[in-house]
Amino acid sequence: TDVAFVLGTRPEIIKLAPVVQACERADLEYAIVHTGQHYSDSLDSVFFDQLDLPDPDYDLAVGSGSHGKQTAEMLVGVERAVTETEPAVVLVQGDTNSVLAGALAASKMDTELGHVEAGLRSFDRGMPEETNRVLADHAADYHFAPTDRSKGYLLREGISKFRITVTGNTVVDAIERNLDIAREKSTVLADLGLDGSRFFLMTAHRAENVDDEERFEGLLAGAQRAGDAHDVDVIYPMHPRSRNRLEEFGIDLPPRVRGVEPLEYLDFLQATASADLVLTDSGGVQEEACILGVPCVTMRDNTERPETVDVGANRLSSCDPARIERSVAAMIGAGGWENPFGDGDAADRILRALPLDPEPEEVPQ
Ligand code: UD1
Ligand code: UDP
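Residues numbered from 1 in each chain as written. Chains lettered and ligands numbered in written order. Predicted model: local features only at pLDDT ≥ 70, side-chain atom pairs only at ≥ 80, totals over all residues. Heavy atoms only, no water.

Describing the overall build of the protein chain
Here is step 1: Within the protein chain one finds 16 helices and 13 strands.
Here is step 2: Against the compact-globule benchmark of 21 Å for 365 residues, the protein chain has a radius of gyration of 20 Å, which places it among compact chains.
Here is step 3: Expressed as lengths along the three principal axes of its C-alpha atoms, the size of the protein chain is roughly 55 × 45 × 40 Å.
Here is step 4: Sequence separation of at least 24 residues holds for 67% of the intrachain contacts in the protein chain that already meet a minimum separation of 6.
Here is step 5: As displayed, the protein chain offers around 14500 Å² of accessible surface, 44% of which is attributable to carbon and sulfur atoms.
Here is step 6: In the protein chain, 33 side chains carry a positive charge and 66 a negative one; their mean positions are 6 Å apart. (Helix = DSSP H or I, 4+ residues; strand = E, 2+ residues; numbered from the N terminus. Rg over C-alpha atoms; globule rule 2.2 N^0.38 Å. Contact = heavy atoms within 4.5 Å. Areas by Shrake-Rupley, 256 points an atom, 1.4 Å probe, with all protein chains shown as cover. Lys, Arg positive; Asp, Glu negative; His and termini not counted. Charge placed at Lys NZ, Arg CZ, Asp CG, Glu CD.)

Following this line, the structure appears as structure tokens:
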């Protein structure tokens, strides 16, 4: 096998799909190792279908659990899959527990490890994602940094420049491939009764926000105030973690906030592209809003995507209702920035930088 992809959650499936497709184009042999961190159809199989991915070769079916148990079980499973498939390279993407497990397993074995979306930093070690991405970067042999800024963070941590390639983010490749299809095929606006309406789109699922009752209530109150101020509904496709916490805390969604099931990828793209503004605490959603030219307010204290703030596409509001309302007022109607995440050829650049044969097609640097 040339490449083993270790993935397990919604954003990894979306952002590795372009690299899988680049392997197909280059006629490389690959295996998909699914950790099973995400297993609900709406977070998992729906993306395999929509992104035309083959079924995983391995389904480790690890499921949910404490960080230690979940990561440990993945480690055992990934080691077995890598032993059996003998890949030249293991690729992981992003910052989840699946990434940490894939990185640890591969770095101790006779295979090279590549980290896609390397060098992102929030400098907030309270986030499990920050620990995961730092450790994955320091285990990796090949670092695929989306921007010069992320390359700079890697250099500062002592990682050799010979191991880093600035590729852009594969999220751009995914959008380029799917946006027209989404525009043509998605009926999400009609399905949600939004045809011709103005609306805000919201996602919020980060553990540090929704596991904390005060922060969760704060961000919902902020969305309500912003919706009221601009006379729009806030459409909230809810991650299961958030839905579970809402029930546990006994919180009702405020009237402007419409909770809906998680959206399929094409529907989510179409909804983002059509929204007046995006409210989020997600990483990938900050990037997508920026790339699609839609203003974003990020309900966090920091971001590992500062490029979005620098170009004027994003503003941090924490979970404070008044700050959320003010940030929305400042961002609404903004646009015209440049996409800082590359030209949509990240996947080809990643394959070209790996020690694989045959060489994929030439793309401009
Ligand atoms: C994980 C990542 C997070 C990423 C997110 C993408 C870590 C530490 N966190 O968070 O960085 O942004 O994925 O969406 O890796 N659940 C289901 N069905 C599923 C999966 C989860 O119902 O298919 C519920 C379970 O109650 C579970 C909870 O969601 O306990 C959290 O799932 P988990 O995988 O631990 O973390 P995420 O919040 O999804
Ligand atoms: N997404 C989706 N449906 C939804 C919400 C998000 O398809 O209802 C996609 C979105 O397009 C983005 C990715 O999921 O590419 C982001 O994943 P998530 O927010 O779960 O994780 P993060 O990026 O924060 O790690």
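Now that the structure has been shown, the text picks up again.
A closer look at the site of ligand 2
Here is step 1: Contacts to ligand 2 come from 16 residues, most closely from Arg10, Leu263, Ser282, Gly284 and Glu288.
Here is step 2: Contact between ligand 2 and Arg206: an oxygen atom at 3.2 Å from a side-chain N or O atom of the residue.
Here is step 3: In the model, an oxygen atom of ligand 2 is placed 2.7 Å from a nitrogen or oxygen of the Ser282 side chain.
Here is step 4: Taking 540 Å² as the accessible area of ligand 2 by itself, protein coverage stands at 96%.
Here is step 5: Those elements that provide at least two residues to the shell around ligand 2 are helix H1 (10-25), helix H12 (265-274) and helix H13 (283-292).
Here is step 6: In terms of residue class, the shell around ligand 2 is built from eight nonpolar, four polar and four charged.
Here is step 7: Here the shell around ligand 2 spans two domains, and each of domain 1 (3-169 + 342-353) and domain 2 (180-331) adds at least three residues to it. (Near = heavy atom within 4 Å. Polar contact = N/O pair within 3.5 Å; in protein donor to acceptor, adjacent residues only side chain to side chain. Nonpolar A, V, L, I, M, F, W, Y, C, P; charged D, E, K, R; others polar. Domains from an automatic or database assignment.)

So, the packing of H1 against helix H16 (residues 346-353)
Here is step 1: Contact geometry for H1 and H16: axes closest at 8 Å, N-to-C directions at 60°. Viewed along their axes, H1 and H16 adopt a mutual orientation that is oblique. The interaxial crossing formed by H1 with H16 has right-handed handedness. Residues Pro18, Val19, Ala22, Cys23 and Arg25 of H1 form the contact with H16, whose participating residues are Ala347, Asp348, Ile350 and Leu351.
Here is step 2: Considered class by class, the residues forming the contact of H1 with H16 number seven nonpolar, no polar and two charged. (Axes fitted to C-alpha atoms, helices over the stretch in contact; angles between N-to-C directions. Parallel < 35°, antiparallel > 145°, perpendicular 65-115°, else oblique. Left-handed = near helix turned anticlockwise from the far one by under 90°.)

Some remarks on the site of ligand 1
Here is step 1: Residues in contact with ligand 1 amount to 20 residues; listed here are only the nearest, His38, Tyr39, Glu129, Arg206 and Arg241.
Here is step 2: A distance of 2.7 Å separates an oxygen atom of ligand 1 from a polar atom in the side chain of His38.
Here is step 3: At 2.9 Å from an oxygen atom of ligand 1 is found a side-chain nitrogen or oxygen belonging to His239.
Here is step 4: Protein chains bury 86% of the 740 Å² of accessible surface belonging to ligand 1 in isolation.
Here is step 5: Residue assignment for the shell around ligand 1 shows that the elements contributing at least two residues are helix H3 (67-85) and helix H11 (240-249).
Here is step 6: When residues in the shell around ligand 1 are grouped by element, the largest group, three residues, is from H11.
Here is step 7: In this structure, the shell around ligand 1 is formed jointly by two domains, domain 1 (3-169 + 342-353) and domain 2 (180-331), each of which donates at least three residues.

A word on the packing of helix H10 (residues 213-230) against helix H15 (residues 321-331)
Here is step 1: Their axes nearest at 8 Å, the elements H10 and H15 cross at an angle of 40°. Regarding the angle of H10 to H15, the classification is oblique. Crossing angle aside, the handedness with which H10 passes H15 is right-handed. Facing Gly218, Leu219, Ala221, Gly222, Ala223, Arg225, Ala226, Ala229 and His230 of H10, the residues of H15 in contact are Pro321, Ala322, Ile324, Glu325, Val328 and Ala329.
Here is step 2: Partitioned by chemical class, the residues of the contact of H10 with H15 number ten nonpolar, three polar and two charged.

Re the nonpolar core
Here is step 1: One finds Phe5, Leu91, Tyr265 and Leu354 to be the most contacted residues of the largest nonpolar core, which totals 62 residues.
Here is step 2: Once residues within four sequence positions are removed from consideration, Leu354 is found in contact with Val89, Leu91, Tyr142 and Phe144.
Here is step 3: Core analysis: the next-biggest nonpolar cluster, separate from the first, contains 24 residues, Phe216, Ala226, Met238 and Cys319 among them. (Core = buried A, V, L, I, M, F, W, Y, C linked by side-chain atoms within 4.5 Å. Buried < 20%, exposed > 50% of the residue type's maximum accessible area, 1.4 Å probe, protein only.)

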